[in-house]
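Coordinate analysis (summary)
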Protein chains: 2
Amino acid sequence: MKFVCSKENLLEGINVVQKAVSTKTTLPILEGILIEAGEKIKMTGNDLEIGIECYVDADVREEGSIVLNSRMFGDIVRRLPDSEVYLEVKENNTVAIECENSLFEIRGLSAEGFPELPSIEKSDGIRISQKALKDMIRQTIFAVSTDENRPMLTGSLFENKAGVFTIVSIDGYRLAMRRVVHENSEQTDNVERRLVIPGKTLNEIAKIIQPVDDEMYIYASGNQILFDMGKCIMTSRLLEGEYLNYMSIIPREHETKITVNTKDLQACFERASLVITSEERRYPVRLEISDDIMVITANTEAGNVREEIKVEMEGKKLDISFNHRYFIEALRVIDNEMIDIFFTTNIGPCTIRPLQGDDFAYLILPIRK
Amino acid sequence: MKFVCSKENLLEGINVVQKAVSTKTTLPILEGILIEAGEKIKMTGNDLEIGIECYVDADVREEGSIVLNSRMFGDIVRRLPDSEVYLEVKENNTVAIECENSLFEIRGLSAEGFPELPSIEKSDGIRISQKALKDMIRQTIFAVSTDENRPMLTGSLFENKAGVFTIVSIDGYRLAMRRVVHENSEQTDNVERRLVIPGKTLNEIAKIIQPVDDEMYIYASGNQILFDMGKCIMTSRLLEGEYLNYMSIIPREHETKITVNTKDLQACFERASLVITSEERRYPVRLEISDDIMVITANTEAGNVREEIKVEMEGKKLDISFNHRYFIEALRVIDNEMIDIFFTTNIGPCTIRPLQGDDFAYLILPIRK
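**Quick word on the overall build of chain A**
A count of helices and strands for chain A gives 6 helices and 26 strands. In terms of overall dimensions, chain A has C-alpha extents of about 80 × 50 × 35 Å along its principal axes. Residues classed as buried in chain A amount to 42% of the 369 residues present. When contacts within chain A are restricted to residue pairs at least 6 apart in sequence, long-range pairs at least 24 apart make up 69% of them.

Laid out in structure tokens, this is it:
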């Protein structure tokens, strides 16, 4: 194998596929990046759970393949001058990497032992802009459960239905929901899909996706999912089973409604959290809503906090307590300046929503006193 | 005690004195910041090794003092709105902190138990600009020894003599020296001083000093040093004993001299270091100098690197080996575009110097093959 490739392109590919390279494995080949030279360079990382494939433009002078240790290869390319990089596989899988006046020789591994990515048919894909998906994952992933006793909740639901794409995470104490209506609706936007993607996969795909308007497609077959960004693809297993019917969880009625500034409320909760230095379930934050004022208090051994915030209020007065962390994590990801919060009773869930539309819903269960 | 102070001023003071607050202590009072309200607010942190005192402008309404947990107090003030902060000590050392619609009540400790800073006479001070001292410490601290068997080398020498201020660090394998000639020479610039300041103190003072041209003074008496930045002071113990006569270590003769671009050479060493994944003393980087070319190679089980770099050469050809880390750490802190390197023999030290003057010298011992 011989090729010439710009440092910039090579590094871009490495940075992406490295996210699927295992760092905790006893199999050296899984610590490697598979490099295949055909018309272009194809790089692959595969930790057997997530796989990433990336195509890089290069001047291929001899086809072939090799596996190079991901960390070492990445560090070398990162340190090279911004110039053309020449890579050649020599005898005994020795690889020469040359750039200006630098020459590296490192050992590679035969490509034969590298595990193949699952093959997933590219049909009935969910179409979405990369930026939209990146944002939606960021705005829901924090509510993914880490409790392995409820394995389906350790992932997020991707639901596509009637021209609307929705992501939902639930951890038993709260729910995060984000949805977008497909623009310039195409036939395939109505394809019905319910996929549950592991939290780890979501973390990685969110890092790979660029905040650009370019569209990408999400395909699935069997228990595998494929994210297709054009130059790069990522595959992952899916979680198998039935996801909760989230629509039945979100209350339709309310007894109290407030309208409040998002960042001001977030700051109140963040300050209240400062005296809650441990055992957050034992030390809730209390909200007392009446007369367009919400008083937020926390009392612990470390100290007391009292915050007052102006709200627009409709309905009954309310005295209710929450885990501060659930509120803070939801408020942090909301980009809207103002939000509505709908309360049922002081033992029922509250729901944070936009003033108009239903782009998001964050449901939080209170702590009973 | 009662005062009103802007959040900004209060936080600036906290951020500085926090650097002297102990995080690993069983004495709660040492985790605190002493706050004393007189004409201004004086804040003090003291971990018994380093002490910092900082004055903050405030509207003091009642004099007094209290000790507040540094982490808690800092976190609270950081999270407050950018506004006026009202602080009041109430019964039983309870402290109320109020800002706009936020009210905190936390427990303080009586100021009585707080250890006093050592008193150091402000005479015969070394005068230096804050920026110059900050730079000089950064450019020498990496060569401070961590070997407790040679306690004097775990600090840097501050030498003031005949209008020149010099900092020197030596760890047995290398030496780092930076000097400045006092500008607009004053009488006191000729005061003779030889002080050895612990590495930990240097680390902290370098963080506190701002990169501004304002002058500061360094005083010493007994085994204590005082850095006086005007609004803030820092005290520390000194290392007691005789520091090495560094002038006798730096060779006056050379057999080979090269002139080379600093950042290009640094990049060569950094690339060469990539194959040296462990045991750096076992795997030196080899320099072969001849005919205005320096060839830099490293050969380890992980791979081989060969770098070529253009140099201007004078004197004999040379084949010599070094620990890459010593070169990299010196080259990283040199701001000059070009440097001279003077070599004696392949078993004697080399010295990195500026093309003109003697603002710095970095001496490195080779590894014998």
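From this point, the narrative continues.
**Overview of the nonpolar core**
Residues Ile-33 of chain A together with Ile-33 of chain B are the most contacted members of the largest nonpolar core, which totals 219 residues. Apart from residues lying up to four places away in sequence, Ile-33 of chain A is in contact with Ile-14, Val-17, Val-21, Met-43, Thr-44, Gly-45, Val-67, Leu-68, Ser-70 and Phe-73 of chain A.

**Overview of the interface of chain B and chain A**
Facing 23 residues of chain B, the contacting portion of chain A comprises 23 residues. No other element matches the 7 residues that strand 21 (residues 303-310) of chain B contributes to the side of chain B that touches chain A. Classifying every residue of the side of chain B that touches chain A by side-chain character gives 10 nonpolar, 4 polar and 9 charged. The pairing of strand 21 (residues 303-310) of chain A with strand 9 (residues 102-107) of chain B spans 5 bridges and is antiparallel. Residue pairing for strand 9 of chain B: Glu-307 of chain A is matched across the bridge by Ser-102 of chain B.

**Brief notes about the environment of Met-216 of chain B**
All names here are of chain B. Secondary-structure assignment places Met-216 in strand 15 (residues 215-221). Measuring from C-alpha to C-alpha, the distance between Met-216 and Lys-131 comes to 9.7 Å, with 85 residues separating the pair along the chain. Leave out the neighbours within four places in its chain, and Met-216 touches Ile-128, Gln-130, Leu-133, Phe-227, Asp-228 and Met-229.

**Some remarks on the confidence of the model for chain A**
For chain A, per-residue confidence averages 95 on the pLDDT scale, and residues scoring 70 or more make up 99% of the total. Taken together, the chains of this predicted complex give a pTM of 0.90 and an interface ipTM of 0.88.

**Comments concerning the relation of the copies chain B and chain A**
Mapping chain B onto chain A calls for a screw motion: a turn of 180° about the axis and a shift of 0.0 Å along it, with 0.0 Å RMSD after fitting. This pairing of chains is accounted for by a two-fold axis. A shared interface surface links the copies, since 100% of the contact residues of chain B are contact residues in chain A too.

**Looking at the packing of helix 1 (residues 7-17) of chain A against helix 2 (residues 70-79) of chain A**
For any two helices packed against each other, one specifies the crossing angle of their axes together with the interaxial distance. All names here are of chain A. The geometry of helix 1 relative to helix 2 is characterised by a closest axis approach of 10 Å and an angle of 150° between their N-to-C directions. Classified by the angle their axes make, helix 1 and helix 2 are roughly antiparallel. Where helix 1 crosses over helix 2, the two elements pack in a sense that is left-handed. Within the contact between the two elements, helix 1 uses Lys-7, Leu-10, Leu-11 and Ile-14 and helix 2 uses Phe-73, Gly-74, Val-77 and Arg-78.

**Remarks on the environment of His-254 of chain A**
All names here are of chain A. Topologically, His-254 is positioned in the loop between strand 17 (232-237) and strand 18 (256-261). C-alpha separation for the pair His-254 and Ile-341, spaced 87 residues apart in sequence, amounts to 9.6 Å. When near neighbours in sequence (up to four residues on either side) are disregarded, His-254 contacts Gly-315, Phe-342, Phe-343 and Thr-344.

**Details of the sheet that holds strand 14 (residues 193-198) of chain A**
Residue and element names in this part refer to chain A. One open sheet holds the 9 strands; their spatial order is 14-11-12-13-26-25-24-18-22, and the pairing between them is antiparallel. Lying at the two open borders of the sheet, with one neighbouring strand each, are strand 14 and strand 22 (312-315). Across the sheet, the mean angle separating the axes of adjacent strands is 15° when strand polarity is ignored. In terms of strand pairing, strand 13 (residues 174-181) meets strand 26 (residues 360-364) through 5 bridges, oriented antiparallel. Of the residues in strand 26, the one forming a bridge with Leu-175 is Leu-363.

**Description of the sheet that holds strand 23 (residues 318-322) of chain B**
As summarised here, the arrangement of the 9 strands in space is 5(A)-1(A)-7(A)-8(A)-9(A)-21(B)-20(B)-19(B)-23(B), forming an open sheet in which the pairing is antiparallel. Each edge of the open sheet is held by one strand with a lone partner, namely strand 5 (59-62) of chain A together with strand 23 of chain B. For this sheet, the mean inter-axis angle between neighbouring strands, taken without regard to orientation, is 15°. Where strand 1 (residues 2-6) of chain A and strand 7 (residues 84-89) of chain A come together, 5 bridges link them in antiparallel fashion. By the bridge assignment for strand 7 of chain A, Ser-6 of chain A is matched with Glu-84 of chain A. On top of the sheet, helix 1 of chain A reaches strand 1, strand 7 and strand 8 (94-99) of chain A; it is set at about 95° to strand 1 of chain A, its chief contact. Here helix 5 (residues 262-273) of chain B sits on the sheet in contact with strand 9 (102-107) of chain A together with strand 19 (285-290), strand 20 (293-300) and strand 21 of chain B, set at roughly 170° to strand 21 of chain B.

**Things to note about the pairing of strand 7 of chain A**
Alternating residues of strand 7 of chain A divide into Val-85, Leu-87 and Val-89 of chain A, all buried, and Glu-84, Tyr-86 and Glu-88 of chain A, none buried. Two successive antiparallel strands, strand 7 of chain A and strand 8 of chain A, enclose a turn made up of 4 residues, where Asn-92 of chain A displays a positive phi of approximately 55°.

**A word on the domain arrangement of chain A**
Residues and elements named next belong to chain A. Each assigned domain of chain A is listed here: domain 1 (2-113), domain 2 (126-247) and domain 3 (250-364). In this structure, domain 2 and domain 3 have C-alpha centres spaced 27 Å apart. The interface of domain 2 with domain 3 comprises 12 residues on the first partner and 12 residues on the second. Broken down by element, the residue count for the side of domain 2 that touches domain 3 peaks at 6 residues, all from strand 13. Across the side of domain 2 that touches domain 3, the residue classes break down as 7 nonpolar, 1 polar and 4 charged.

**Structural notes on the packing of helix 5 (residues 262-272) of chain A against helix 6 (residues 324-333) of chain A**
All names here are of chain A. In contact at an axis separation of 9 Å, helix 5 and helix 6 are set at 150° when each is read in the N-to-C sense. Considering only the axes of helix 5 and helix 6, their crossing is left-handed. Taken together, the residues of helix 6 that come into contact with helix 5 (itself represented by Thr-262, Leu-265, Gln-266, Phe-269, Glu-270 and Ala-272) are His-324, Phe-327, Ile-328, Leu-331 and Arg-332. Classifying every residue of the contact of helix 5 with helix 6 by side-chain character gives 6 nonpolar, 3 polar and 2 charged.

**Comments concerning unusual backbone geometry**
Residue and element names in this part refer to chain A. For Asn-93, which is not a glycine, the phi torsion comes out positive at approximately 60°. Position of Asn-93 among the secondary structure elements: in the loop between strand 7 and strand 8. Even without being a glycine, Asp-124 presents a positive backbone phi close to 50°. Within the fold, Asp-124 resides in the loop between strand 9 and strand 10 (126-129). Judged by local crowding, Asp-124 falls into the partly exposed class, with 15 C-beta atoms found within 10 Å.

**Some details on the environment of Gly-64 of chain B**
Residue and element names in this part refer to chain B. For Gly-64, the location among the structural elements is in strand 6 (residues 64-69). Gly-64 sits 108 residues away from Gly-172 along the chain, and the two C-alpha atoms are 50 Å apart. If we ignore the near neighbours within four places in the chain, the residues touching Gly-64 are Met-1, Ala-37 and Val-89.

Criteria and cut-off values
- Residues numbered from 1 in each chain as written.
- Chains lettered and ligands numbered in written order.
- Predicted model: local features only at pLDDT ≥ 70, side-chain atom pairs only at ≥ 80, totals over all residues.
- Helix = DSSP H or I, 4+ residues; strand = E, 2+ residues; numbered from the N terminus.
- Buried ≥ 20, exposed ≤ 12 C-beta atoms within 10 Å, placed from the backbone.
- Contact = placed C-beta atoms within 7 Å.
- Core = buried A, V, L, I, M, F, W, Y, C linked by C-beta atoms within 7 Å.
- Nonpolar A, V, L, I, M, F, W, Y, C, P; charged D, E, K, R; others polar.
- Pairing = 2+ DSSP bridges.
- pLDDT = per-residue confidence, 0-100.
- Least-squares fit on C-alpha atoms with pLDDT ≥ 70 in both.
- Axes fitted to C-alpha atoms, helices over the stretch in contact; angles between N-to-C directions.
- Parallel < 35°, antiparallel > 145°, perpendicular 65-115°, else oblique.
- Left-handed = near helix turned anticlockwise from the far one by under 90°.
- Domains from an automatic or database assignment.

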